[in-house]
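# What the coordinates show
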Number of protein chains: 2
Amino acid sequence: MLYSIKAGGKRLRPILLMATADAFGAKPEKTMAVAAALEMIHTYSLIHDDLPAMDNDDLRRGKPTSHKQFDEATAILAGDALLTLSSQIITEDPTLTDAERVFLVRELSKASGARGMVEGQMQDMLSEDKAITLEQLEWIHTNKTGQLLKFAIVAGAYIGEGSPEQLADMTKMGEALGLIFQIQDDILDVTGDADKLGKPVGSDEGNHKSTYPQLLGLEGAKKQKDHYVELAQRTLLKVNISESVLSELIFHLSKRDH
Amino acid sequence: MLYSIKAGGKRLRPILLMATADAFGAKPEKTMAVAAALEMIHTYSLIHDDLPAMDNDDLRRGKPTSHKQFDEATAILAGDALLTLSSQIITEDPTLTDAERVFLVRELSKASGARGMVEGQMQDMLSEDKAITLEQLEWIHTNKTGQLLKFAIVAGAYIGEGSPEQLADMTKMGEALGLIFQIQDDILDVTGDADKLGKPVGSDEGNHKSTYPQLLGLEGAKKQKDHYVELAQRTLLKVNISESVLSELIFHLSKRDH
């Protein structure tokens with residue numbers, strides 16, 4: 001568990017959660033357990049996705065994947081235990097009320113389970129080597145990577161005591177953010193610099209994966225991304241948090257080169 | 001997910017939970033979500049334990065195991081999704097208060113995680129083909145199978161609004177129950193009837209697994225079991241629930257032939 005958690009990574013999900021909570025004026029200490037739980041879920045999903053039966057990857061963040069460093073059984077159990085611990089630490093956090101703990105465990109479970117991240121992973125596997133439509137592609141990404149990013153945004157706004165209307169707005173913004181992130185990922189696989197990315201470019205084409213540039217062309221993909229960036233910016237203005245670290249972060253993510 | 005949940009099995013953990021709650025006078029509907037969550041955790045652990053990287057079993061409850069019926073990736077994801085759903089359904093249950101939801105998710109996570117069931121499974125794998133002491137054997141069983149059985153008892157008493165002292169007593173009873181169950185399992189592997197058990201006898205010896213009969217002799221193992229049965233009965237008397245379905249169930253479990 002510690003090996004994979006300490007392997008690094010961008011910590012994007014916890015940072016987004018904390019930046020959103022900050023924009024809503026929450027006390028930072030109220031975000032800590034949930035931010036850690038979110039990173040545990042992300043990490044467990046990477047450990048299991050890397051297994052030979054799934055993506056069969058030997059390297060992750062420049063280090064041997066869990067099953068390469070230890071063995072497959074250990075990797076499966078480390079993932080199971082991280083997933084289990086994520087619920088535990090939210091329910092144990094003394095800075096949250098019971099109502100907050102229940103909301104956060106419930107929404108995190110929904111985002112990561114059989115109608116969320118796990119379903120996205122399953123559909124992604126089933127669609128490999130198949131021609132899929134733009135609608136199906138967005139549906140896969142909305143679940144596979146989008147749900148945890150959306151949870152980061154919604155959880156931050158909730159901890160910051162956003163109103164029901166603001167939570168609804170931030171939910172839509174979180175969905176847009178997931179798609180911005182994914183489209184830029186696809187674009188970088190075509191135009192990116194392998195050194196900066198730390199992984200080879202062109203691998204989507206090699207893996208016969210459907211991508212935005214493939215379905216819309218490179219310019220079409222950039223336009224689609226700009227559409228979601230605008231949508232996100234409009235929401236931040238509406239909720240009156242356009243002058244925030246969160247706003248800068250979203251702009252940065254849409255232009256990132258790795 | 002449904003394939004493995006519907007494959008049957010004794011439903012022992014939900015039944016123990018509901019029998020305990022009943023002995024404490026709880027409304028049955030308050031046990032439903034937690035009982036289902038508990039069976040989901042048990043089922044996910046069987047799906048993952050059956051994988052080629054772990055016990056590599058082809059059959060479970062007379063049917064192909066999940067990875068045989070589908071494939072390994074599907075089995076891993078079905079297990080992950082069942083584990084995730086267990087937290088979700090407890091937090092969504094309308095018959096429980098937020099305080100109850102938090103207590104139950106927290107205790108179930110602790111029982112099934114890195115200091116509970118998952119640790120027991122890990123230690124069990126690490127101790128295969130090794131000579132271990134009785135103390136180490138009890139420690140493995142207390143975690144691997146005992147934690148979920150203990151949770152069933154404690155959760156039932158909690159939903160039935162047992163006092164803190166009663167919960168402490170029932171925790172000890174739950175631990176004893178786990179060991180009763182395991183010792184009888186080991187005894188049946190020596191003296192049992194393969195037809196009634198639905199699995200071959202003598203497999204522990206073949207797998208070089210340490211067992212109670214092996215460490216204490218068959219009579220010693222029976223004595224050890226009787227010791228825990230007495231302890232359980234004393235607790236039921238003390239808590240004043242010795243005239244209950246739970247009491248009959250524990251007696252039955254200690255004498256079961258399959």
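Here the residue numbers are simple positions, counted from 1 along each chain's written sequence. All chains are assigned letters beginning with A, and all ligands numbers beginning with 1, in the order in which they are written. Owing to the predicted nature of the model, reporting of local features is limited to residues with pLDDT of at least 70; listing and counting of side-chain atom pairs is limited to 80 or more, with chain, interface and lining totals taken over all residues. No hydrogens and no water enter the side-chain calculation; it runs on all heavy atoms of the structure.

If you look chain A up in an unreviewed UniProt entry, it shows as Farnesyl diphosphate synthase from Halobacillus locisalis. In its Cofactor (unreviewed entry) section, the UniProt record describing chain A reads: "Mg(2+)". UniProt positions are given in the numbering used here, feature names are shortened, and annotations may be inferred rather than shown by experiment. As its UniProt record puts it under Catalytic activity (unreviewed entry), chain A is described as follows: "isopentenyl diphosphate + (2E)-geranyl diphosphate = (2E,6E)-farnesyl diphosphate + diphosphate".

As a further point, take the relation of the copies chain A and chain B. Relative to chain B, chain A is turned by 180 degrees and slid 0.0 Å along the rotation axis, the superposed coordinates differing by an RMSD of 0.0 Å. Such a combination of turn and shift is consistent with a two-fold rotation axis. For chain A, the minimum C-alpha distance to the rotation axis belongs to Asp98 of chain A and amounts to 2.8 Å. Only heavy atoms enter the contact rule, under which two residues are in contact if any of them lie within 4.5 Å. Mapped onto chain B, 100% of the interface residues of chain A are again interface residues, and the two copies thus contact each other with one and the same surface. Least squares is used to superpose the copies, and the fit set is the C-alpha atoms of residues whose pLDDT is at least 70 in both copies.

A few words now on the packing of aromatic side chains. All names here are of chain A. Working definition: rings of Phe, Tyr and Trp (its six-membered ring) pair if their centres are within 6.5 Å, and the pair is stacked with planes under 30 degrees apart, edge-to-face with planes over 60 apart, and tilted otherwise. Here the structure, examined in full by the defined rule, presents 4 aromatic pairs over all chains. Taking 5.3 Å as the distance between ring centres and 85 degrees as the angle between the ring planes, the aromatic pair formed by Tyr3 and Phe70 counts as edge-to-face. Placement of Tyr3 in helix α1 (residues 2-5) and of Phe70 in the loop between α4 (66-69) and α5 (72-92) is noted, with a sequence separation of 67 residues between them. Here the term buried applies to any residue with accessible area under 20% of the maximum for its type, exposed to any over 50%, and partly exposed to those in between, with areas from a 1.4 Å probe on protein chains only. A relative accessible area of 43% places Phe70 in the partly exposed class. Their ring planes at 10 degrees and their centres at 3.7 Å tell us that Phe103 and Tyr158 sit as a pair that is stacked. Residue Phe103 is found in helix α6 (residues 98-112), and its partner Tyr158 is found in helix α9 (residues 146-159); the two are separated by 55 residues along the sequence. Only DSSP runs of H or I with at least four residues qualify as helices, and only runs of E with at least two residues qualify as strands; both kinds are numbered from the N terminus onward.

A relative accessible area of 15% places Phe103 of chain B in the buried class. Between the C-alpha atom of Phe103 of chain B and that of Lys10 of chain B, which follows or precedes it by 93 residues, the distance is 26 Å.

Another aspect to go through is the interface of chain A and chain B. Contacts between the two partners involve 34 residues from chain A and, on the opposite side, 34 residues from chain B. What counts as buried area is the accessible surface, traced by a 1.4 Å probe, that two parts surrender upon association, with contributions from both included. Of all residues in chain A, Leu77, Thr84 and Val102 of chain A give up the largest surface area on contact with chain B, accounting jointly for 18% of the area buried on that side. Here, a salt bridge means any Lys or Arg side-chain nitrogen found within 4 Å of an Asp or Glu carboxyl oxygen. The interface formed by chain A and chain B includes 0 salt bridges. In protein, a polar contact means a hydrogen-donor-capable atom and an acceptor-capable atom, both N or O and within 3.5 Å, with residues adjacent in sequence counting only if both atoms are side-chain atoms; elsewhere, any N or O pair within 3.5 Å suffices. On the surface where chain A and chain B come into contact, there are 3 residue pairs in polar contact (both at pLDDT 80 or more).

Core analysis: the largest hydrophobic core is formed by 138 residues, its most contacted members being Leu16 and Leu104 of chain A together with Leu16 and Leu104 of chain B. Apart from the residues within four sequence positions on either side, Leu104 of chain B is in contact with Val34, Ile90, Leu96, Phe151, Ala155, Tyr158 and Ile159 of chain B. The term nonpolar core refers to a set of buried residues drawn from Ala, Val, Leu, Ile, Met, Phe, Trp, Tyr and Cys, joined through side-chain atoms within 4.5 Å.

Note that Gln121 of chain A resides in helix α7 (residues 117-126). A polar atom in the side chain of Gln121 of chain A sits 3.3 Å from the side chain of Lys144 of chain A.

Most of the time, phi is negative for any residue but glycine, and the peptide bond is trans. Residues and elements named next belong to chain A. The backbone phi angle of Asp129 is positive, close to 65 degrees, even though this residue is not glycine. Structurally, Asp129 can be placed in the loop between α7 and α8 (134-144). For Asp129, a relative accessible area of 59% gives the class exposed. Unlike most non-glycine residues, Glu161 shows phi in positive territory, near 60 degrees. Within the element layout of this structure, Glu161 appears in the loop between α9 and α10 (164-191).

Moving on, we come to the side chain of Glu138 of chain A. All names here are of chain A. By secondary structure assignment, the location of Glu138 is in helix α8. We score Asp and Glu as negative and Lys and Arg as positive, and we do not count His or the chain ends. The charged side chain of Glu138 is buried without a salt bridge, its nearest counter-charge being Lys150 at 13 Å. Once residues lying within four places of it in the same chain are set aside, the contact partners of Glu138 are Leu179, Tyr212, Gln224 and Tyr228.

Below, the discussion takes up the packing of α5 of chain A against α6 of chain A. All names here are of chain A. To obtain an axis, a line is fitted to C-alpha atoms, over the contacting stretch when the element is a helix, and the angle between two such axes runs from 0 to 180 degrees between their N-to-C directions. Packing of α5 against α6 leaves a shortest axis separation of 9 Å and a crossing angle of 165 degrees. Put simply, α5 runs roughly antiparallel to α6. Pair α5 / α6 crosses with right-handed handedness. In this structure, α5 contributes Ser87, Ile90, Thr91 and Glu92 to the contact, and α6 contributes Arg101, Leu104, Val105 and Leu108. Note that Gly is not counted as nonpolar here; it falls among the polar residues with everything else outside the nonpolar set of Ala, Val, Leu, Ile, Met, Phe, Trp, Tyr, Cys and Pro and the charged set of Asp, Glu, Lys and Arg. Residue composition of the contact of α5 with α6, grouped by class: 4 nonpolar, 2 polar and 2 charged. Relative orientations are named as follows: roughly parallel for angles under 35 degrees, roughly antiparallel for angles over 145 degrees, roughly perpendicular for angles from 65 to 115 degrees, and oblique for any other angle. We call a crossing left-handed when the near helix sits turned anticlockwise from the far one by less than a right angle, and right-handed when that turn is clockwise.

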